Amino acid sequence: AQSVAQPEDQVNVAEGNPLTVKCTYSVSGNPYLFWYVQYPNRGLQFLLKYITGDNLVKGSYGFEAEFNKSQTSFHLKKPSALVSDSALYFCAVREPGNFNKFYFGSGTKLNVKP
Amino acid sequence: GAGVSQTPSNKVTEKGKYVELRCDPISGHTALYWYRQSLGQGPEFLIYFQGTGAADDSGLPNDRFFAVRPEGSVSTLKIQRTERGDSAVYLCASSRTSGGGNEQFFGPGTRLTVL
């Protein structure tokens, strides 16, 4: 069965510090992995994706994520957090051969404090 | 450029009533998706359209839920005999095609409250 886990409901980090939001997945085959961000009263916004190739992918707003096949993880990272990064972050996976749907994690609330 | 739009933004209804939620995808996007997001959860897949046809409706919870996309653009999610458990944010997304590497663009959602 396909699943995505975001083990932390909330992550707190001080502005200027590096941040990591964790995601692990369980799918058969090689997954397509995505990160989305959700601001209050707004739709999900695409940040970045991993399809194939270099395990480190860079996305919008200075975010990056590293695909680790052996650990089945796709953690979201940013070297220096901004207060404006505070939002809800969702990891999502698509299974090859079944591109009809995303499977989303439960979300991680990122709080960046000044 | 216009993104995905959804109307209404909020809908309050009474148990047992019928509701329709509308999604206007990005122009030219052939794939359209509906999701439901309950409080504290990630979006949950409901149905996927490729063009006018529902290619995958495996996520619809029961036969009270139905969706159409008659002209391959605007889609309407229809819920009959609403129940309190249907209360959630209903999200619509579209993508250029259904290819796995294509990201989906999401609308702001319709918050449905069933009293």
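Let me begin by describing the structure that accompanies this report. Only a predicted model underlies this, so the values are computations on that prediction, with no experimental measurement involved.

**Considerations on the overall build of chain A**
So, point 1. Along the backbone of chain A there are zero helices and twelve strands.
So, point 2. The C-alpha radius of gyration of chain A comes to 13 Å, within 12% of the 13 Å expected for a compact globule of 114 residues.
So, point 3. Taken along its principal axes, the extent of the C-alpha atoms in chain A is 45 × 30 × 20 Å.
So, point 4. A total of 114 residues make up chain A; the buried ones form 48% of that total.
So, point 5. In chain A, once contacts between residues fewer than 6 apart in sequence are set aside, the share between residues at least 24 apart is 55%.
So, point 6. Only carbon and sulfur atoms are counted for the fraction: they give 49% of the accessible area of chain A, which is about 5300 Å².

**A few points about the packing of aromatic side chains**
So, point 1. The final tally for this structure, using the stated rule, is 16 aromatic pairs over all chains.
So, point 2. Plain terms: the ring middles of Tyr25(A) and Phe67(A) are 6.2 Å apart, the flat faces sit at 20° to each other, and that makes the pair stacked. In this pair, Tyr25(A) is assigned in strand β4 (residues 24-26) and Phe67(A) in strand β8 (residues 64-68), connecting sequence segments 42 residues apart. When sorted by exposure, Tyr25(A) lands in the same class as Phe67(A), which is buried.
So, point 3. Every member of this aromatic cluster is reached through a ring pair, and the members are Phe34(A), Tyr36(A), Phe46(A), Phe90(A), Phe102(A), Phe104(A), Tyr33(B), Tyr35(B), Phe45(B), Tyr48(B) and Phe106(B).
So, point 4. Taking NZ or CZ as reference, Arg94(A) lies 4.6 Å from the ring centre of Phe102(A), over its face.

**A few points about the interface of chain B and chain A**
So, point 1. With 22 residues of chain B in contact, the opposing surface of chain A contributes 20 residues.
So, point 2. Regarding the contact of chain B and chain A, the summed buried area is about 1600 Å², with carbon and sulfur atoms giving 51% of it.
So, point 3. Counting across the interface, chain B meets chain A through one salt bridge.
So, point 4. In this structure, the connection of chain B to chain A is made through six residue pairs in polar contact (both at pLDDT 80 or more).
So, point 5. If you list the elements that add at least two residues to the side of chain B that touches chain A, you get β4 (31-37) and β5 (44-50) of chain B.

What counts and how
- Residues numbered from 1 in each chain as written.
- Chains lettered and ligands numbered in written order.
- Predicted model: local features only at pLDDT ≥ 70, side-chain atom pairs only at ≥ 80, totals over all residues.
- Heavy atoms only, no water.
- Helix = DSSP H or I, 4+ residues; strand = E, 2+ residues; numbered from the N terminus.
- Rg over C-alpha atoms; globule rule 2.2 N^0.38 Å.
- Buried < 20%, exposed > 50% of the residue type's maximum accessible area, 1.4 Å probe, protein only.
- Contact = heavy atoms within 4.5 Å.
- Areas by Shrake-Rupley, 256 points an atom, 1.4 Å probe, with all protein chains shown as cover.
- Phe/Tyr/Trp six-rings, centres within 6.5 Å; stacked < 30°, edge-to-face > 60°.
- Lys NZ or Arg CZ within 6 Å of the ring centre and 35° of its normal.
- Buried area = accessible area lost by both parts, 1.4 Å probe.
- Salt bridge = Lys/Arg side-chain N within 4 Å of Asp/Glu carboxyl O.
- Polar contact = N/O pair within 3.5 Å; in protein donor to acceptor, adjacent residues only side chain to side chain.

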